[in-house]
Amino acid sequence: MELRKTQIKTCAVLLEEFQSAPQPVNPEKLIFKGVGERDVYNISAPFEDEGELVIAGRVEPRDSEHSEVYFFVNRNGEWIPREGAPVFQLQDPFFTKIGGELIFGGVQIFPHPTIDGALGWRTVFYRGKSIADLKEFAKGPDGMKDLRIIELKDGSIGVLTRPQGEKGGRGKIGFTRIPSLDDFTCEVIEQAPLLEGQFIDEEWGGANEPHLLSNGLIGVLGHIACFDEEGNRHYYPMVFVLNPDTMEFSDIELIATRSHFLEGASKRPDLVDVVFSGGLIRKGDGTADLYAGISDAEAQKITIVDPFIKYER
C-alpha cells in the first residue's frame, strides 16, 4: 500500500481535521488500589503474562516525579499490585514481544551530569520469558525518551527513536532497522534518520507503541504535543503508519482529545490537557481500546475506530 505524506500538520490543524472524524466513545476510569495515596498514570495496555492480564503503570506521589513502575492484575474490577512481581524505579512503562520473549522498558531518571539540581533521563530495556525473570539488556542514549522496538515480518527489529536537541529539537521521531536485538546499541539509535515533516520545530512528539500490521507495515501509536501562549502543555494521542522497507510514512492523525475522557484530577494546572498514549488493543470488530495516562494523574481507557484497519486493506 502506498502511504501518502502531505505537508506538516500542526496540533491546531490536526484538531480541526479530527472534528469531522468518528469520535471516541465509552470512556472509563481504571481503578488502581494498593499503592497508598499515590497516583497511577501513563499505563501500558493490558498484556498476558503467565496466563493472566497485567497492566504496567507509573506510580508516584502527586507532588513528585520520582516514580515506580508496578505490575497490576485485575481483581473484581480493580487493579492491584501483583503479588511477588518486581517493582522498577522507572517512568512510563511499555512492553513488546520479540522472538517469543517479553521486552519491557521505561524511563530512568538520574541527576543531570552538568546541570546542578536538574534531572537527566534515558530509556532502559529488560527481557525475559515472563515478568518474573526480566533482566536489563540495553540502555538508550542519555536524554532520549519514547524509544521503542518492534519485531518485523522478516524477524528483523524496527527501532523508533526520539532525539531532542541539535538533531530533534523539542523531540522528533526517527526510524531504523537492525538484524537482531544484539545490534541494539546507542550508536545505532543515535544514527537513525528522522522521519522528516511530521512535526514543526515548535511542537514535538514521540512513539508510544508500535503495532505490526498484517501487511508488514508498522502502525505507530504516539503523541503530538505543543505549548500554548500561557505555557500550558497540550498532549494528543495520535497515529501514523510507516513502511519499514521504503521509509515512506503517512500523515499524523489524532485519535482522541482530553475532552473525550472523564473529568478528573491533574498533577499541575499546566497539565490538564494531557493525554499520554499508553497502548492500543485492536479488537477485531473494527474498534480498538486506547489505554492512556490522563493529566499526569490517572489512567483511563476509551473505545475508538481501529485507526490501522484502513492501512491493511
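Here the structure is shown first, and the text comes after it.
Fair warning: this is a prediction, and the values are worked out from it, not measured in the lab. (Residues numbered from 1 in each chain as written. Predicted model: local features only at pLDDT ≥ 70, side-chain atom pairs only at ≥ 80, totals over all residues. Heavy atoms only, no water.)

Caption draft 1: Here's a closer look at the overall build of the protein. When its secondary structure is counted, the protein shows three helices and 20 strands. In terms of overall dimensions, the protein has C-alpha extents of about 50 × 50 × 45 Å along its principal axes. Per-residue burial over the protein gives 55% buried out of 313 residues. Counting contacts in the protein only where the partners sit at least 6 residues apart, residues at least 24 apart contribute 52% of the total. Taken as a whole, the protein presents about 13,800 Å² of accessible surface, with 49% of it coming from carbon and sulfur. In the protein, 33 positive and 51 negative side-chain charges are present, and the distance between their average locations comes to 2 Å. (Helix = DSSP H or I, 4+ residues; strand = E, 2+ residues; numbered from the N terminus. Buried < 20%, exposed > 50% of the residue type's maximum accessible area, 1.4 Å probe, protein only. Contact = heavy atoms within 4.5 Å. Areas by Shrake-Rupley, 256 points an atom, 1.4 Å probe, with all protein chains shown as cover. Lys, Arg positive; Asp, Glu negative; His and termini not counted. Charge placed at Lys NZ, Arg CZ, Asp CG, Glu CD.)

Caption draft 2: Fine view of the packing of aromatic side chains. If you walk through the whole model with that rule in mind, you get 13 aromatic pairs. Relative to Tyr126, the ring of Phe88 lies with its centre 4.6 Å away and its plane at 55°, an arrangement referred to as tilted. Of the two residues, Phe88 sits in the loop between β6 (78-81) and β7 (91-98) while Tyr126 sits in strand β9 (residues 119-128), which places them 38 residues apart along the sequence. Like Tyr126, Phe88 is buried. Through pairs of rings, three or more aromatic residues link up here, namely Phe71, Phe88, Phe104 and Tyr126. Sitting over the ring of Phe110, Arg122 keeps its end group 3.9 Å from the ring centre. (Phe/Tyr/Trp six-rings, centres within 6.5 Å; stacked < 30°, edge-to-face > 60°. Lys NZ or Arg CZ within 6 Å of the ring centre and 35° of its normal.)

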